[in-house]
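# Descriptive structure summary
Letter by letter, the chains look like this.
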Amino acid sequence: MSFIAKLYEQSKLSKFIILIAVFSLVSGLALRTATVFSLNYSNDEAGTSLYVTGHSYQDVRTLMETSPYVQASDLLVMQSEDPNKSLLDTIKIISEEDPQHPPLYWIIAALWVKVVGDSEAGIRILSLLLSLLALAVIFFLVQLLVPNNPLAPPIAVALSALSPFHAVFAAEARDQSLLILLALLSTTLLLARRWKTYTIVLIALTYTSLFSICILCVHSAIVFMNWNSYKRTDRTHLIFSWVTCAIAFLPWLINLVLQMRMAVAGLNWLQFDFVSDTIFYFRTILSYLARTFIDFNLRADSSSVLEYVLQVPFIIGVLAVEFFAIIYLLYSASSKVRSFVCVLILSNLLPMFISDMLTGGSSIVVGRYWVPLFLGLQMAVVMWIADLLASKNTFQLKAGFLTLIFLLLIGGSSLVQMGRSSVWWSKGDKDFATAINVVNESANPVLLADDINLMIGLSRIVKPSTALVMAPKILARNLCEKFSDIFLRIRYLPTEQLYQNMNGFTIERIVPRFFRVRCNLSDRQNNN
């Protein structure tokens, strides 16, 4: 008898869960698609457009160093298809400029762009499709993890379809959706013991992200905690798969070692003090822990009392659900499920936390670094709810049902809000959007920025005619003569140093780290 047939032979609750999963799947697809078209293109996504069209950050630097200023339209050209560029250019650029990012996603995206074009929505649709494939894989993965509970797979699909963290990355022209898909698929193949396919997918996983090490830790935990259940032939195949994967990844690992200076430079921004204090640091961790199921774009540094009053009770509710799910996991789940979820969470969270404590960095505030942990929390909650709903105890049954409905409602509401917004925490902030509107209302503006990645991202959201200049240490007087308005967007430059370099200018803050620079009247008269 098939698995689906077993579901239909269960109680009315089982059939209702299937209907919920189908409704959630359809709703999630519609809401994710809306998000693809609504959210602004982020700085990192602009970098993706740059890479997949065969251009590099060095090309942008060269252009800006050889010209007094460039227009935003000039940088947009470098993020568009170029018949003189090939897939080999993309691979070469990634290997030299961004070696800490294995190239598989950018290879797939470069091929995708040649088919659908280089529009923002076109590139994002690739991530959307990958996220939908992940939903199918989740069904079979959970089926293998808990074969005796037929409610668990449809519950997993329902919660994943309306999960804000899945939706965020489905609307991101980056490699996170591919990482999620391959992480789930490789684990499914491991549990199914499909060794040849497992080897191929595992190699693809390592060439997608260095965070694949978290997934390899999970696989190792699953195998060693259930070592006696593997036959000798299975053990041989497994070791062969791991050795083959290591050998296959060796060329990129050698390149990473040879380009270590560029890799370290590419991660230097993590040492910038994004975190203002310890309270903010741990508040960020708590907000991210809840984003598996609720995300109304509440930032940890928000000063809005109303936002906290309206959202914090629901966030606390989600954190309570995750807490009880982890407790259940530790005491009641099978060793296979326990090793899968616990190692997935700890192998991701602990290295980030320890690294930040030792170096003073802020990797913990980068949402895309949380992918394995998000998956682990989601799986823990799925297993707990499925176990409650399979119980014959009326109280547990009601608790499981109410918890499921609660998570689906707040997840769906989060996606509705996301689909109606142009700015999200993963794309910038509301204040930044306000400043850009001020720039775009100017007649003849020039915009200075202290980071090349910012500059490329800004080219996507300002008027094409806006002049862009890399922020110099001392502002040139001729800017007052050529442009009606001068704006400054800083990412790394300390505010104290900024004011030291403003002799002869008046600086007005529009929003944090975004300024309007006014020339003194006497300076304008002298220039004239």
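Above this text sits the structure in question.
Let me sum up the structure you'll find in this document. This is a predicted model, so every value here is computed, not measured. (Residues numbered from 1 in each chain as written. Predicted model: local features only at pLDDT ≥ 70, side-chain atom pairs only at ≥ 80, totals over all residues. Heavy atoms only, no water.)

### What about the packing of aromatic side chains?
Each aromatic ring pair is described using two quantities: the centre-to-centre distance and the angle formed by the ring planes. Operational definition: Within 6.5 Å between ring centres, the rings of Phe, Tyr and Trp (the latter by its six-membered ring) count as paired, and their orientation is classed by plane angle as stacked under 30 degrees, edge-to-face over 60, tilted in between. Working rule: Lys NZ or Arg CZ, within 6 Å of ring centre, within 35 degrees of ring normal, means a charge sits over the ring.
Under the defined criterion, the tally for this structure stands at 16 aromatic pairs. These aromatic residues form a ring-pair network of at least three members: Phe 165, Phe 169, Tyr 288, Trp 370 and Phe 374. Its end group placed over the ring of Tyr 230, Arg 193 keeps NZ or CZ at 4.0 Å from the ring centre.

### Topic: the sheet that holds strand β3 (residues 467-470)
Across a sheet, paired strands are connected by hydrogen bonds in the backbone, their directions being either parallel or antiparallel. The following threshold applies: In short, DSSP must find at least two bridges between two strands for them to pair. Strands here mean DSSP runs of E at least two residues long; helices mean DSSP runs of H or I at least four residues long; both are numbered from the N terminus.
The strand order across the open sheet formed by 6 strands is β1-β3-β2-β4-β6-β5, and the pairing between neighbours is mixed. Edge strands, defined here as strands with exactly one partner in the open sheet, are β1 (70-71) and β5 (505-511). As paired strands, β1 and β3 are joined by 2 bridges and run antiparallel to one another. Opposite Val 70, over in β3, you have Leu 468 as the bridge partner.

### Focus: the pairing of strand β4 (residues 485-489)
The condition is simple: For each residue, the accessible area found with a 1.4 Å probe, counting protein chains only, is set against the maximum for its type, and the residue is called buried under 20%, exposed over 50%, and partly exposed in between.
Counting buried positions along β4 gives 5 out of 5 residues, so the element sits mostly inside the fold. The alternating pattern of β4 places Asp 485, Phe 487 and Arg 489 on one face and Ile 486 and Leu 488 on the opposite face, and all of these are buried. When strand β2 (residues 445-449) meets β4, the two strands line up parallel, connected through 5 bridges. Of the residues in β4, the one forming a bridge with Leu 447 is Phe 487. By the bridge criterion, 4 bridges tie β4 to strand β6 (residues 514-519) in an arrangement that is antiparallel. The residue bridging Leu 488 from the neighbouring strand is Phe 515, located in β6.

### Side note on the packing of helix α2 (residues 12-38) against helix α9 (residues 152-161)
The condition is simple: Fitted lines through C-alpha atoms give the axes, limited to the stretch in contact for helices. The angle between two N-to-C directions lies from 0 to 180 degrees. Each angle gets one of four labels, with under 35 degrees taken as roughly parallel, over 145 as roughly antiparallel, 65 to 115 as roughly perpendicular, and the rest as oblique. Should the near helix be turned anticlockwise from the far one by less than a right angle, the crossing is left-handed, and should it be turned clockwise, the crossing is right-handed. Should any heavy atoms of two residues lie within 4.5 Å, those residues are counted as being in contact. For this classification, the nonpolar set comprises Ala, Val, Leu, Ile, Met, Phe, Trp, Tyr, Cys and Pro, the charged set comprises Asp, Glu, Lys and Arg, and every other residue, Gly included, is treated as polar.
Orientation of α2 relative to α9, taken along the N-to-C sense of each, is 25°, at an axis distance of 8 Å. Judged on the interaxial angle alone, α9 and α2 are roughly parallel. Of the two possible hands of crossing, α2 and α9 adopt the one that is left-handed. Contacts between α2 and α9 involve Ile 17, Ile 20, Ala 21, Ser 24, Leu 25, Gly 28 and Arg 32 from the first element and Pro 154, Ile 155, Val 157, Ala 158, Ser 160 and Ala 161 from the second. Of the residues that constitute the contact of α2 with α9, the class distribution is 9 nonpolar, 3 polar and 1 charged.

### A short note on the environment of Asp 118
To keep things clear, this is the line we draw: Counted as a polar contact is a pair of N or O atoms within 3.5 Å, where, for protein atoms, one must be capable of donating a hydrogen and the other of accepting one, and residues adjacent in sequence contribute only when both atoms are in side chains.
Its location among the elements puts Asp 118 in the loop between α7 (104-116) and α8 (120-145). Remark: the alpha-carbon pair of Asp 118 and Gln 79, spanning 39 residues in sequence, is separated by 8.0 Å. Not counting residues up to four positions away in its chain, the partners in contact with Asp 118 are Gln 79, Ser 80, Glu 81, Val 113 and Ile 123. Looking at Asp 118, its side chain comes within polar contact range of the main-chain nitrogen of Glu 81, at 2.7 Å.

### Quick look at a nonpolar patch on the surface
Short version of the rule: Residues forming no salt bridge and having over 30% relative accessible area are the ones grouped into patches, like charges within 9 Å of each other and nonpolar side chains (Val, Leu, Ile, Met, Phe, Trp, Tyr) within 5 Å. Exposure was quantified through the Shrake-Rupley algorithm and a 1.4 Å probe, taking into account, for residues, occlusion by the shown protein chains and nothing else. Throughout this description, the term salt bridge denotes a Lys or Arg side-chain nitrogen within 4 Å of a carboxyl oxygen of Asp or Glu.
Taken together, the side chains of Leu 250, Leu 253, Ile 254, Val 257, Leu 258, Met 260 and Val 264 present a nonpolar region at the surface, about 630 Å² in accessible area. Counting residues per element, the ones that place at least two in the nonpolar patch are α14 (232-258) and α15 (260-266). Ranked by the residues each element gives to the nonpolar patch, the list is headed by α14, at 5 residues. With respect to the helices, strands and loops of the structure, Met 260 is situated in helix α15.

### Remarks on the nonpolar core
Generally speaking, soluble globular proteins have nonpolar side chains that are buried together. Going by this rule: The set of buried Ala, Val, Leu, Ile, Met, Phe, Trp, Tyr and Cys residues whose side-chain atoms join them within 4.5 Å is what this entry labels a nonpolar core.
Counting residues in each nonpolar core, the largest one holds 142 residues, and the members touching the most others are Ile 155, Leu 159 and Trp 370. Per-element accounting of this core gives the leading share, 15 residues, to helix α19 (residues 371-389). When sequence neighbours within four positions are dropped, the list of residues in contact with Leu 159 reads Phe 293, Gln 378, Val 381, Val 382, Ile 385, Leu 404, Leu 407 and Leu 408. Of all hydrophobic cores here, the second largest spans 15 residues; its members include Phe 483, Phe 505, Val 517 and Cys 519.

### As for the environment of Leu 144
Inspection of the secondary structure puts Leu 144 in helix α8. Separated by 48 residues in the primary sequence, Leu 144 and Ala 192 place their C-alpha atoms 7.3 Å from one another. Those residues in contact with Leu 144, other than ones at most four positions away along the chain, are Thr 188, Leu 191, Ala 192 and Lys 336.

### Some thoughts on the packing of helix α12 (residues 195-206) against α14
In helix packing, the relevant descriptors are the interaxial angle and the interaxial distance, both defined with respect to the helix axes. At a closest axis distance of 9 Å, the pairing of α12 and α14 adopts a crossing angle of 30°. With respect to each other, α12 and α14 are oriented roughly parallel. Where α12 crosses over α14, the two elements pack in a sense that is right-handed. Across the interface between the two elements, Trp 195, Tyr 198, Thr 199, Leu 202, Ile 203 and Thr 206 of α12 pack against Asp 234, His 237, Leu 238, Ser 241, Trp 242, Thr 244, Cys 245, Ala 248 and Phe 249 of α14. When its residues are assigned to classes, the contact of α12 with α14 shows 9 nonpolar, 5 polar and 1 charged.

### Description of the pattern of salt bridges
Side chains that carry opposite charge are capable of pairing whenever their charged atoms lie near each other. Taken as a whole, this structure holds 8 salt bridges when the rule is applied. Two residues, Arg 368 and Asp 44, come together in a salt bridge whose shortest N-O distance is 3.0 Å. Here Arg 368 is found in the loop between α18 (335-359) and α19, whereas its partner Asp 44 is found in helix α3 (residues 43-52), with 324 residues between them in sequence. In this structure, Arg 518 and Glu 508 form a salt bridge, with 2.9 Å as the shortest nitrogen-oxygen distance. A residue pair is termed long-range when its members are at least 10 positions apart, and Arg 518 in strand β6 and Glu 508 in strand β5 qualify at 10 residues.

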